[in-house]
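Analysis of the macromolecular model
Given next are the chains, with one letter for each unit.
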Amino acid sequence: MKRTTVWTALMSAGVMAAGSAFAGPVDDTLIVNEEIEMVTHTDAPAHLSDALDEIYSGWHFRGTETRAMQADDFDNPGMIFVEQAQDAWDTAEGSEGKSCASCHGAADESMKGVRAVYPKWNEAAGEVRTLEMQINDCRENQMGAEKWKYTGGDMVNMTALLASVSRGMPVNVAIDGPVQSTWEQGKELYYTRTGQLELSCANCHEDSYGKMIRADHLSQGQINGFPTYRLKNTKLNAVHARFKGCVRDTRAETFKPGSPEFIALELYVASRGNGLSVEGPSIRN
Amino acid sequence: MKRSIMTMALVCTGFAVSAAEVAPSDVKFEDGSVAQSLSGTSGDAANGRQVVGNKSLGNCVACHQVSDLADVPFQGEIGPPLDGAGERWSEEELRGIVANAKMMFPESMMPSFYKTEGFYRPGNAYTGEAPDDTFGPLLSAQQIEDVVAYLVTLKE
């Protein structure tokens, strides 16, 4: 009895105190280069309706200057890496003497819309493929070139190029059919409390988004903005590198970038952002 | 002379589990509370204050605001402010909450600070690697007692 009374009193005190400091998502609109209108906030996709009403890009949780940097490609340091990837796109490599352009032509035409639907099922290989897996498949089997390291510089730059040409298009990954079991596995991982701190993705990014955890303003942990240029480490950061960092921060033994667990998690997390615009390369702190 | 021998003895036993210390797996919870001191001695509130505010110790301020720790920047807002915790809860309840908050608040997001078993993929601190033989509870029995001693002083 005593405990319930105290607890009710405390809950209302907590709400009040949080009310003063609570800084939810910032109300703002992102238009890149005065041209690309980004959907950074929209209704949650149907599969998420029991958990969230609305979804927000991580952009809404960053400071005024960081948000502004993303609105203009001249201010977006991530675009330097996009340019580097454009060079790589046109450079022949490997035993076949081919470049990406040899097969695909101009990236801004042939690759438009691709980022928005990955990870996706590859029928011939019978597997769920991330963009990184598809890029390495092209390198190995079409170009006769060495695979790139999963979260290495060349790879993350190329994913930035591919994201950049899909900017403004809605994320729209499939969650049913042949990918369904992988999606379920990703969902399970999302809600599993890992590590000695016993925290799940959902604890931080579903239950607590908008709140401060120490110096960090928690977002919904969406991946529509990846790869992200982080002011903290001044480079582009891949989705699986971010997952690894978050899992590590629960004092857990992490999964490896490119592992089946992270592929499944990526599919699931991507699907939580269905409807948000592709935003990469975005800027985060 | 006599004092230094005592100190020596204390230092030597510092890391061994003393007779009075309760191992993490042996802690007895009753309605989320723990009646007995985990270390067998009383806590030091000044040290507990350090543990609560220090990033590499309790890091309680990652989730809780504490007005008494105004000098510690960036206090989180995941859990309720700890101001007045010493009025809302008894020492036994606070010990239970800090040792394993999930006994008091089922499914709580708050980590269990005196627990060594039952984790999914525990790691070696923040390295992302598998645990090694240094794996232990987040806080020692004495640190828990110190934190509890500090929380008891938090009156509104």
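Residues numbered from 1 in each chain as written. Chains lettered and ligands numbered in written order. Predicted model: local features only at pLDDT ≥ 70, side-chain atom pairs only at ≥ 80, totals over all residues. Heavy atoms only, no water.

What to know about the sheet that holds strand β11 (residues 282-284) of chain A
Residues and elements named next belong to chain A. Here three strands make up an open sheet; going across it, the order is β10-β9-β11 and the pairing mixed. Two strands in the sheet have a free side with no partner beyond their single neighbour: β10 (235-237) and β11. Shown here is a sheet whose adjacent strand axes are inclined to one another by a mean of 40°, direction ignored. Inspection of the sheet shows strand β9 (residues 228-230) paired to β10 by three bridges, in the antiparallel sense. (Pairing = 2+ DSSP bridges. Helix = DSSP H or I, 4+ residues; strand = E, 2+ residues; numbered from the N terminus. Axes fitted to C-alpha atoms, helices over the stretch in contact; angles between N-to-C directions.)

Structural notes on the pattern of salt bridges
Residue and element names in this part refer to chain A. Using the criterion set out here, one finds 15 salt bridges over all chains in the structure. When the shortest N-O distance is used, the salt bridge between Asp 28 and Arg 67 registers 3.0 Å. One end of the pair, Asp 28, is in the loop between α1 (2-21) and β1 (31-32); the other, Arg 67, is in helix α2 (residues 64-69), and 39 residues separate them in sequence. For Asp 28, a relative accessible area of 30% translates into the label partly exposed. The closest approach of N and O atoms between Arg 272 and Glu 206, which form a salt bridge, is 2.7 Å. Here Arg 272 is found in helix α11 (residues 260-272), whereas its partner Glu 206 is found in the loop between α9 (201-205) and β7 (212-213), with 66 residues between them in sequence. (Salt bridge = Lys/Arg side-chain N within 4 Å of Asp/Glu carboxyl O. Buried < 20%, exposed > 50% of the residue type's maximum accessible area, 1.4 Å probe, protein only.)

Remarks on the packing of helix α6 (residues 131-143) of chain A against helix α7 (residues 153-164) of chain A
In helix packing, the relevant descriptors are the interaxial angle and the interaxial distance, both defined with respect to the helix axes. Residue and element names in this part refer to chain A. Contact pair α6 / α7: the axes reach a minimum separation of 10 Å and the direction vectors enclose 110°. Comparing their axes, α7 and α6 come out roughly perpendicular. Contact residues: α6 offers Leu 131, Glu 132, Ile 135 and Asn 136, while α7 offers Met 155, Met 158, Thr 159 and Leu 162. (Parallel < 35°, antiparallel > 145°, perpendicular 65-115°, else oblique. Contact = heavy atoms within 4.5 Å.)

Here we look at the UniProt feature "domain: Cytochrome c" (unreviewed entry) in chain A
With numbering matched to this structure, UniProt assigns "domain: Cytochrome c" (unreviewed entry) to residues 72-234 of chain A. As a span, residues 72-234 of chain A carries 39% helix and 8% strand, and end to end its C-alpha atoms are 17 Å apart. (UniProt positions renumbered as here; feature names shortened; annotations may be inferred.)

What to know about the packing of aromatic side chains
Considering all chains together, one arrives at eleven aromatic pairs over all chains under this definition. Taken together, a centroid distance of 6.2 Å and an interplanar angle of 85° make the contact between Phe 61 of chain A and Tyr 209 of chain A edge-to-face. Within this pair, whereas Phe 61 of chain A is found in the loop between β4 (54-56) and α2, its partner Tyr 209 of chain A is found in the loop between α9 and β7, the two being separated by 148 residues in sequence. An angle of 65° between the planes, with centres 5.4 Å apart, marks the rings of Tyr 190 of chain A and Tyr 268 of chain A as edge-to-face. One end of the pair, Tyr 190 of chain A, is in helix α8 (residues 180-190); the other, Tyr 268 of chain A, is in helix α11, and 78 residues separate them in sequence. Classification of Tyr 190 of chain A as buried rests on a relative accessible area of 2%. Looking at Tyr 268 of chain A, the relative accessible area reads 1%, which means it is buried. Taken together, the ring pairs in this structure connect Trp 183, Tyr 190, Tyr 191 and Tyr 268 of chain A into an aromatic cluster. Here the basic side chain of Arg 67 of chain A rests over the ring of Trp 59 of chain A, its NZ or CZ set 5.7 Å away from the ring centre. Positioned above the aromatic ring of Tyr 126 of chain B, the side-chain terminus of Arg 251 of chain A is 5.0 Å from the ring centre. (Phe/Tyr/Trp six-rings, centres within 6.5 Å; stacked < 30°, edge-to-face > 60°. Lys NZ or Arg CZ within 6 Å of the ring centre and 35° of its normal.)

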